[in-house]
Structures are given as C-alpha cells and as structure tokens.
Amino acid sequence: MLLCIDTGNTNTVFSVWDGEKFVGLWRISTDHRRTADEYFVWLSTLISLQKLELNIDACIISSTAPRVVFNLRVLCNRYFDTRPLVVGKPDCLLPVAPRVDFGTVVGPDRLVNTWGAFQRHGPDLIVVDFGTATTFDVVDTDGAYVGGVIAPGVNLSLEALHMGAASLPHVDVTMPAKVIGTNTVACIQSGIFWGYIGLVQGVVDKIREERGRPMKVIATGGLAPLFDQGFDLFDAIEDDLTMHGLRLIHDYNKEMGNG
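Throughout this description, residue numbers start from 1 for each chain and increase along the sequence as written. Confidence filtering applies because this is a predicted model: local features only for residues at pLDDT of at least 70, side-chain atom pairs given and counted only at 80 or more, and all residues used for totals across whole chains, interfaces and linings. To obtain the side-chain values, all non-hydrogen atoms of the structure were used and water was disregarded.

The protein appears in an unreviewed UniProt entry as Type III pantothenate kinase from Paracoccus pantotrophus. UniProt's Subcellular location (unreviewed entry) comment on the protein is quoted here verbatim: "Cytoplasm". UniProt's Catalytic activity (unreviewed entry) comment on the protein is quoted here verbatim: "(R)-pantothenate + ATP = (R)-4'-phosphopantothenate + ADP + H(+)". UniProt positions are given in the numbering used here, feature names are shortened, and annotations may be inferred rather than shown by experiment.

Participant: Give me the lowdown on the packing of aromatic side chains, citing residues and values where you can.
Facilitator: Here the aromatic set is Phe, Tyr and Trp, taking the six-membered ring for Trp, and pairing holds for ring centres within 6.5 Å; pairs whose planes are under 30 degrees apart are stacked, those over 60 apart are edge-to-face, and all others are tilted. Applying the stated criterion across every chain yields a total of 13 aromatic pairs. Taken together, a centroid distance of 5.5 Å and an interplanar angle of 15 degrees make the contact between Phe-193 and Phe-227 stacked. Of this pair, Phe-193 sits in helix H5 (residues 184–211) while Phe-227 sits in the loop between strand E9 (216–220) and strand E10 (236–237), placing them 34 residues apart in sequence. Overall, the relative accessible area of 0% leaves Phe-227 in the buried class. Helical segments are the DSSP runs of H or I of at least four residues, strand segments are the runs of E of at least two, and each set is numbered from the N terminus. Exposure classes here rest on a 1.4 Å probe applied to the protein chains alone. A residue is buried below 20% of its type maximum, exposed above 50%, and partly exposed in between.

Participant: Now, about the UniProt feature "binding site: substrate" (unreviewed entry) in the protein: what can you tell me, with residues and values included?
Facilitator: The sites that UniProt annotates as "binding site: substrate" (unreviewed entry) are Gly-107, Pro-108, Asp-109, Arg-110 and Thr-184. Over a stretch of 78 residues, the named residues are scattered through the fold, their C-alpha atoms separated by up to 38.3 Å. Inspection of the secondary structure assignment puts Gly-107 in the loop between strand E5 (85–86) and helix H3 (108–121). Note on Gly-107: relative accessible area 22%, which makes it partly exposed. The residues contacting Pro-108, other than those within four sequence positions of it, are Ser-62, Ser-63, Thr-64 and Val-87. What makes two residues a contact is simply this: any of their non-hydrogen atoms within 4.5 Å.

Participant: Residue-level account of unusual backbone geometry, with values.
Facilitator: With phi around 50 degrees, Asp-81 is a residue other than glycine that occupies positive phi space. Along the polypeptide, Asp-81 turns up in the loop between helix H2 (69–80) and E5. Given a relative accessible area of 73%, Asp-81 falls into the exposed group. With a phi close to 55 degrees, Asp-124 is a non-glycine residue in the positive phi region. Tracing the backbone through its elements, the reader meets Asp-124 in the loop between H3 and strand E6 (125–130). Judged by its relative accessible area of 16%, Asp-124 is buried.

Participant: Describe in detail the sheet that holds strand E4 (residues 58–63), supporting the description with residues and values.
Facilitator: For two strands to pair, DSSP has to find at least two bridges joining them. With respect to topology, five strands assemble into an open sheet ordered E3-E2-E1-E4-E5, the strand pairing being mixed. The two strands at the open ends of the sheet, each matched to only one other strand, are strand E3 (22–29) and E5. As paired strands, strand E1 (residues 2–7) and strand E2 (residues 11–17) are joined by six bridges and run antiparallel to one another. Its bridge partner lying in E2, Cys-4 is registered against Ser-15.

Participant: Mind laying out the pattern of salt bridges, listing which residues take part and the relevant values?
Facilitator: Here a salt bridge means any side-chain nitrogen of Lys or Arg lying within 4 Å of a carboxyl oxygen belonging to Asp or Glu. Taken as a whole, this structure holds 14 salt bridges when the rule is applied. Asp-140 is paired through a salt bridge with Arg-99; the nearest N and O atoms lie 2.8 Å apart. Taken together, the residues Asp-140 in the loop between strand E7 (133–139) and strand E8 (145–152) and Arg-99 in the loop between E5 and H3 connect sequence positions 41 residues apart. By relative accessible area, Asp-140 is classed as buried at 12%. Arg-99 gets classed as partly exposed once you look at its relative accessible area, which sits at 39%. Here Asp-251 and Arg-247 are joined by a salt bridge, their closest N and O atoms 3.2 Å apart.

Participant: Describe the domain arrangement of the protein, listing the residues and the values that go with them.
Facilitator: Domains assigned within the protein are domain 1 (2–86) and domain 2 (108–244). For domain 1 and domain 2, the distance between their C-alpha centroids amounts to 26 Å. If you look at the interface, domain 1 gives eleven residues, while domain 2 gives seven residues. Between domain 1 and domain 2 the total buried area reaches about 710 Å² when both faces are included, carbon and sulfur atoms providing 69% of it. Accessible-area loss on putting two parts together, using a 1.4 Å probe and summing over both, is the definition of buried area adopted here. Looking only at domain 1, the three residues that lose the most surface to domain 2 are Asp-6, Phe-22 and Ser-62, adding up to 48% of its buried area. What marks off one domain from the next here is an automatic or database domain assignment.

Structure below.
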C-alpha cells in the first residue's frame, strides 16, 4: 500500500492507494512544528475510526512547504519503515523533465498535477489549481510542464482585502445573486467571484493564443466547483488530481528500479 502526502501552504492531505483505489483521504493544517509522532497519532486515529486495516509499505511526498518535509520523512521512516520519495528531489525521477528557464525550481505540486492530468486527459492542457495561489500549468504534447501563470489565491485575496481595509469585513466565497451588489458583503463577493471568472477566462484565452492550438482546461482544488456553475470554463474537474499524479510518479520510479 502506498501512502501519498501532499503538503500545501495551507493544508496537508494524506491518502492511501491500496493497489486498486484510494482508501480514505485525511486533511490537516500545514505546520512545520508538527512532529512525526503527532502526525502518526492523528493519522492512525482517523484510520482506526474508519475501521481500515492498512499495511503501508511505500510513501511519496509532494511539498510546497519545505520546512515540513523533515518530519514527514521521519514519519515514513519511523512508523512505516520506508524511505519516502520526495517529488522535486534528485532521487525522485520524473517521467518527463520540465522545460523551463535554467535554474528555475518548479513547485512539486505543479509537476505532479501536470503528469496526473496528462495521463487522464492527454496532451495540450491547462491545469488550473485553486489553492493558496491560483496556478495555471501548461502541459505539452509529451506531458512536460512548460511553464504557467501564478496569481493570488481566492482566499488569499479575501484575506488581503480584509487586512488592508479595516472597514471591509471578511466574507465567504460564493456566487452572488447579481453582479451589482447593494451592500458591502455582496459587493465584495461579486468582486471576488466575477473577478476570478474573468481572471480564468482571460488567462486561458491568452495561453491558447500564445500556444496557437486548442487546449483543454482541467481544474482542481477545493474552490474549482464554485467557478464551474454553467460558465463552461473547464473541460473537467479533478478532485484527486494530485494524489493520482503522486501514485503515477511513484509507479514510474518503481518501474525504473528506484523505490
């Protein structure tokens, strides 16, 4: 059984692949102070509550928060007696190397999403990930990551607006009843919702224009369904794209005799 761990700036997600499907998905806030022992107590408790019997013998990690990787490595070594693969490190092989400027470090989550999307949807893709940042990843004909776009995430924008303007409240992200708000909350919700609809449409159009070819748009991240309410922005929404990509990269390394 394979334990997949995806650490973002806000949350860390754990899931286990049993050889046929993912069983269980558990989420915890990302905190570099959390120890391996704390991770294990939390994870083993949730696993037991679901009455799962898991015999984990392999682990793979993707992390955009480098300070948490050490304790995740210790978790895998100490409690599962396995040396984890860490996407982005030299000892974790990628099926296709990214084609970017020399010296550029590509976020592991973007590499994982790129390969996962390519395996499910083929070449010429734009992967839109609604996370702490809203990212657009461009997938080439052979599945390589060839660049993209990074914009502030939805919740990050809301938080910045609330922090930067004392009189403006923090609001929930939702689709407003109409564009023109008649109160402060409705105005903010409209600005965020329709602003991000315009952002996605505009960036996707520009990428397609620059690439000069049709490109499918694959969305992932918790807020993706919010922006897919009849606007025909996405060709597909993939809730488990990162976990799927992690499994595929692990399988590739195993086939190559690396893990």
